[in-house]
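# Summary of the model geometry
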Amino acid sequence: MTDRVYEAGETVGVLTTEPLGRSGLGVLDYRAPEGGCGDGDFVEVPLGPRRVLGVVWGKGEGRFDPAKLRSVARVLDAPPMRAELRAFLTRAADYTLTPLPAMLRLATRAPGLADGAATRRVVRLTGQVPNQLTDARFRVVEALRAYGGAAVTAVELAEAAGCGTSVIKGLVKLGVLSEEDAPKDTPYPPLDPSGKVRLVGDQVAAGDALAAAVVQGGYGCTLLKGVTGSGKTEVYLEAVAECLKAGRQALVLLPEIALTADFLARVEARFGARPAEWHSGVTMTERRRLWRMVAIGGASMVVGARSALFLPFQDLGLIVVDEEHDSSYKQEEGVLYNARDMAVLRAAIAGCAVVLASATPSLESWANADAGKYLRLDLGARFGAAEMPKMQAIDMRADTLPGNQWISAKLAAEVNARIPKGEQSLLFLNRRGYAPVTLCRACGQQVGCDDCDARMVEHRFLKRLVCHQCGATKPVPVACPACGVEGRMSAVGPGVERLAEEVALRFPEARVAVLSSDLFGSARALKDQIVAIAQGQADIIIGTQIVAKGHNFPLLTLVGVIDADLGLQGSDLRAAERTFQLMRQVAGRAGRAEIKGEAFLQTHQPEHPVIRAILGGEEEAFWAAEAAERRAAGVPPYGRMAGIILSSPDVAQVFDFAGEMARRDGPLRAIGALVFGPAPAPVARVRGRHRVRLLIKAEKTAPLQAALSAWVAQFKLPTNLRLAIDIDPQSFM
């Protein structure tokens with residue numbers, strides 16, 4: 001459909017980022033300004049006493065007297081939003097039942113969109129760094145080096161270095177830094193796709209198939225399944241190379257910022273320059289630059305987090321979702337969407353190829369490939385001389401560990417054997433902090449959050465108790481808050497910090513590194529630690545699930561899972577799938593170079609079907625059995641589900657309202673859907689708001705979104721009650 005151009009005075013519909021307008025969609029009628037405007041133009045429009053950002057969304061409805069309509073204030077100096085992106089936002093809003101203004105906010109997360117081309121004052125290293133610098137000045141130099149040559153303002157650099165701008169001014173006077181005017185937005189260095197990489201074995205056919213899909217053009221989805229260390233990245237970079245040769249743009253999504261450092265280095269080695277980055281660790285200046293450059297073709301490849309899906313690509317030719325199974329692709333707050341599914345949707349609208357890559361695919365992707373909806377390519381062996389690690393269980397029922405230890409004698413012996421050989425060991429425990437429970441030995445009271453129905457977790461490095469739901473902190477009490485008895489507060493159970501304490505006692509000569517997201521003040525600090533580990537600067541690595549996300553540690557030959565049973569608890573329908581994925585991914589960190597690795601799972605349930613499947617390595621049998629169970633139960637991916645989350649400061653109000661919704665379920669019954677609940681959410685109070693859930697289950701082909709819209713439209717929400725709809729819920733918290 002061709003974008004229309006509107007003459008001055010014509011009625012146009014403008015979608016704003018404000019939840020107003022017809023049907024609450026945020027589309028309002030305005031008169032086109034002097035000089036006119038066109039579909040997709042970014043505009044500034046008056047709304048009450050304010051001016052707000054908007055996009056021309058089409059012809060106005062024309063139900064009002066044109067003479068009474070207010071005029072668009074101005075057309076912004078920004079590349080218009082293409083019809084493809086507007087269609088994607090509309091379809092994504094319809095699928096997730098999200099108001100369009102909220103979707104537009106996701107697509108306009110760049111500062112200064114209302115500003116035209118201009119220059120800004122940036123600082124750069126001159127190359128003359130004295131041997132002696134104060135700590136603050138040294139931090140500034142290191143922070144600037146970490147940006148890898150990216151333009152950065154004095155304010156941004158001061159914030160990154162944790163100092164004032166006066167420190168930067170001092171370095172300028174010394175000649176260590178220089179200040180200069182630079183264009184706010186410049187194209188990214190071109191990537192050279194002509195270089196060849198030697199693929200071997202299964203990689204050759206897989207690389208050829210992905211490249212052919214890009215050359216052919218049009219939409220197509222491929223599941224690239226390869227064991228850990230099989231070279232999936234090099235294979236899908238072949239598709240990126242074909243995309244670049246065709247002059248189109250490529251987007252690679254990664255689930256974790258910490259993965260970007262290694263990936264960027266591989267891209268630079270392959271294509272001769274670094275791609276553009278989009279994630280929370282990128283400065284506001286770079287965000288603005290990338291947003292504008294990607295819209296005019298000045299950035300040929302973007303590596304980013306899930307929100308990069310909403311960038312205004314000029315000509316998107318390929319989307320890759322790496323580690324597609326990862327749960328962090330699901331946004332759980334604000335707009336609730338799964339980036340994996342939205343990547344497939346955007347590729348279908350843009351008419352481009354999409355690759356879903358994983359060693360342990362989601363059951364949804366496995367089922368789509370099994371049904372023939374996706375092409376499936378398999379890489380069955382590790383690259384080069386590397387072999388898959390040998391996996392064994394350690395039956396903890398037969399181990400007589402003291403109450404304050406969690407590393408079995410067998411696992412400790414394996415760790416000890418590797419330290420003198422210069423090999424690394426990874427101890428995995430998916431639990432942040434020091435201890436999950438702090439209780440009083442006198443009265444049994446557990447310390448909970450004041451605003452949530454959640455136990456406070458001790459973080460000994462911070463010397464605080466932390467609520468993992470709302471982030472509230474408090475000091476570790478000396479006396480029990482309930483009974484007042486002093487000296488009887490006790491930490492119960494292990495977290496990674498407590499495990500680090502045990503490791504320090506049992507392996508006093510070892511160099512220990514702890515990888516947990518809450519122990520690092522910035523994404524850059526986490527990246528630096530991962531690089532240091534890869535260079536061999538640690539003997540023992542202790543980590544949460546962050547260590548399972550695709551890292552490559554060449555010296556790592558041993559993985560020990562401290563509690564393999566942890567993820568099997570609870571009633572989550574994906575518990576078995578997630579435990580299988582996590583254990584296989586963690587074990588896959590071992591033996592990725594010449595020396596064969598081993599993985600040990602400490603478990604109290606060695607006979608559990610999931611534990612047996614993990615150890616046996618019969619992945620297809622596991623997926624087939626899991627698929628059969630889900631199909632019989634009529635749950636995703638063989639049925640539809642939606643979660644309704646209601647919250648209010650008033651517990652009686654929220655339960656009464658949820659009960660009323662459950663009783664008036666006619667629109668849902670009309671499509672054969674079932675309503676379960678209401679029931680308190682597993683974490684029933686967060687930030688002082690009581691939370692109640694309803695669960696909707698329907699047949700795979702049922703028109704669920706339309707029925708949900710009709711059902712919810714029956715009710716008027718009280719002022720202090722919030723309702724969120726989660727299509728295809730991944731978490732039931």
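This report concerns the structure included in the present document. All values derive from a computational prediction rather than experimental measurement. (Residues numbered from 1 in each chain as written. Predicted model: local features only at pLDDT ≥ 70, side-chain atom pairs only at ≥ 80, totals over all residues. Heavy atoms only, no water.)

Right, let's talk about the packing of aromatic side chains for a bit. Going through the model one piece at a time under the given rule, you end up with eight aromatic pairs. Ring geometry for Phe42 versus Trp291: centroids 5.4 Å apart, planes at 75°, classification edge-to-face. Placement of the pair is Phe42 in strand β5 (residues 42–47) and Trp291 in helix α9 (residues 284–296), with a sequence separation of 249 residues. As far as the burial class goes, Phe42 and Trp291 line up, both buried. Where Phe310 meets Tyr337, the ring centres are 5.3 Å apart and the plane angle is 80°; that geometry is what we call edge-to-face. You can see Phe310 sitting in the loop between β13 (301–304) and β14 (316–322) and its partner Tyr337 sitting in the loop between β14 and α10 (339–350), a full 27 residues away along the chain. Looking at Phe310, the relative accessible area reads 1%, which means it is buried. Site record: aromatic cluster; members linked through ring pairs are Phe88, Phe310 and Tyr337. (Phe/Tyr/Trp six-rings, centres within 6.5 Å; stacked < 30°, edge-to-face > 60°. Helix = DSSP H or I, 4+ residues; strand = E, 2+ residues; numbered from the N terminus. Buried < 20%, exposed > 50% of the residue type's maximum accessible area, 1.4 Å probe, protein only.)

The next thing to look at is the sheet that holds strand β24 (residues 512–515). Taken in spatial order, the six strands of this open sheet run β17-β27-β26-β18-β25-β24, and their pairing is parallel. Both outer strands of the open sheet, β17 (390–395) and β24, are each paired with one neighbouring strand and no more. Averaged over all adjacent pairs, the angle separating strand axes in this sheet is 20°, with direction ignored. For strand β26 (residues 556–561) and strand β27 (residues 598–603), the ladder comprises four bridges, and the chain directions are parallel. Looking at β27, one finds that Gly560 is bridged to Phe600. Running at roughly 145° to β17, helix α16 (residues 609–616) makes contact with β17 and β27 of the sheet. (Pairing = 2+ DSSP bridges. Axes fitted to C-alpha atoms, helices over the stretch in contact; angles between N-to-C directions. Contact = heavy atoms within 4.5 Å.)

The next point concerns empty space enclosed by the protein. Inspection of the entire model under this criterion finds three cavities of 30 Å³ or more. Each pocket or cavity is described by its volume, and for the largest cavity that value is around 80 Å³. The wall of the largest cavity is formed by Val227, Thr228, Ala359, Thr360, Met388, Pro389, Met391, Arg584, Ala587, Gly588 and Glu619. Per-class residue counts for the lining of the largest cavity are six nonpolar, three polar and two charged. Of the voids in this model, the second largest cavity is the one considered here, and its volume is about 60 Å³. What lines the second largest cavity is simply Tyr95, Thr96, Lys330, Leu336, Tyr337, Asn338, Asp341, Met342, Ile727 and Asp728. Every element with two or more residues in the lining of the second largest cavity is listed here: α1 (83–96) and α10. Considered class by class, the residues forming the lining of the second largest cavity number five nonpolar, two polar and three charged. (1 Å grid on protein atoms, 1.4 Å probe; cavity = no way out; pocket = protein on both sides within 12 Å on 5 of 7 lines; lining within 4 Å. Points joined across faces, edges and corners; volume = space filled by probe spheres on them. Nonpolar A, V, L, I, M, F, W, Y, C, P; charged D, E, K, R; others polar.)

With respect to topology, seven strands assemble into an open sheet ordered β12-β13-β11-β14-β15-β10-β16, the strand pairing being parallel. Each edge of the open sheet is held by one strand with a lone partner, namely β12 (276–278) and β16 (375–379). Taken pair by pair, the neighbouring strands of this sheet meet at an average axis angle of 20°, ignoring direction. Note: β12 against β13, three bridges, orientation parallel. Bridge assignment links Trp278 to a residue of β13, and that residue is Gly304. Contacts from helix α6 (residues 202–216) reach β10 (220–226), β14, β15 (353–358) and β16, with the element oriented near 150° to β16.

By the definition in use, this model includes 39 salt bridges. Between Arg124 and Glu180 there is a salt bridge, with the nearest N and O atoms lying 3.0 Å from each other. Linking Arg124 in strand β8 (residues 119–125) with Glu180 in strand β9 (residues 177–183), this pair joins segments that are 56 residues apart in sequence. For Arg124, a relative accessible area of 29% gives the class partly exposed. Here Arg340 ties to Glu324 by a salt bridge, and the two come within 3.9 Å at their closest N and O atoms. One end of the pair, Arg340, is in helix α10; the other, Glu324, is in the loop between β14 and α10, and 16 residues separate them in sequence. Residue Arg340 shares its accessibility class with Glu324, and that shared class is buried. Here the salt bridges share partners, and the residues they tie into one network are Lys410, Glu414, Arg418 and Glu598. (Salt bridge = Lys/Arg side-chain N within 4 Å of Asp/Glu carboxyl O.)

This part takes up α1. The end-to-end C-alpha distance of α1 is 20 Å, a good match for the 20 Å that 14 residues give at a rise of 1.5 Å each. Those residues of α1 that sit buried are Glu84, Leu85, Arg86, Phe88, Leu89, Ala92, Ala93 and Thr96. Among the structural elements, β6 (50–59), α2 (100–106), α10 and β31 (722–727) are those in contact with the buried residues of α1. Positive backbone phi, approximately 55°, marks Leu97, located one or two places after α1. (Expected span 1.5 Å × (residues − 1).)

Our next topic: the nonpolar core. Counting 56 residues, the largest nonpolar core has Leu89 and Ile319 as the members making the most contacts within it. At six residues, the largest contribution of residues to this core is made by α10. With residues up to four places along the chain from it excluded, the contact list for Ile319 reads Leu251, Leu309, Ala343, Arg346, Ala347, Cys352, Ala353, Val354 and Val355. With 39 residues, the next largest nonpolar core counts Leu526, Phe553, Ala576 and Leu601 among its residues. (Core = buried A, V, L, I, M, F, W, Y, C linked by side-chain atoms within 4.5 Å.)

A word on the packing of α6 against helix α7 (residues 232–245). Contact geometry of α6 with α7 gives a least axis separation of 8 Å together with a crossing angle of 30°. Judged on the interaxial angle alone, α7 and α6 are roughly parallel. Of the two elements, α6 crosses α7, and the hand of that crossing is right-handed. Residues Gln203, Ala206, Gly207, Leu210, Ala211, Val214 and Val215 of α6 form the contact with α7, whose own contacting residues are Val235, Tyr236, Glu238, Ala239, Glu242 and Cys243. (Parallel < 35°, antiparallel > 145°, perpendicular 65-115°, else oblique. Left-handed = near helix turned anticlockwise from the far one by under 90°.)

Along the chain, Val335 falls in the loop between β14 and α10. The class for Val335 is buried, based on a relative accessible area of 7%. Along the sequence, Val335 and Ala724 sit 389 residues apart, while their C-alpha atoms lie 9.2 Å from each other.

With that settled, consider the side chain of Thr283. Take Thr283: it is sitting in the loop between β12 and α9. A residue is classified by how much of its surface remains accessible, and Thr283, at 8% relative accessible area, is buried. Within polar-contact distance, the side chain of Thr283 engages the backbone nitrogen of Glu286 at 3.2 Å. Those residues within four positions of Thr283 in sequence are excluded, and the remaining contacts are Tyr147 and Glu156. (Polar contact = N/O pair within 3.5 Å; in protein donor to acceptor, adjacent residues only side chain to side chain.)

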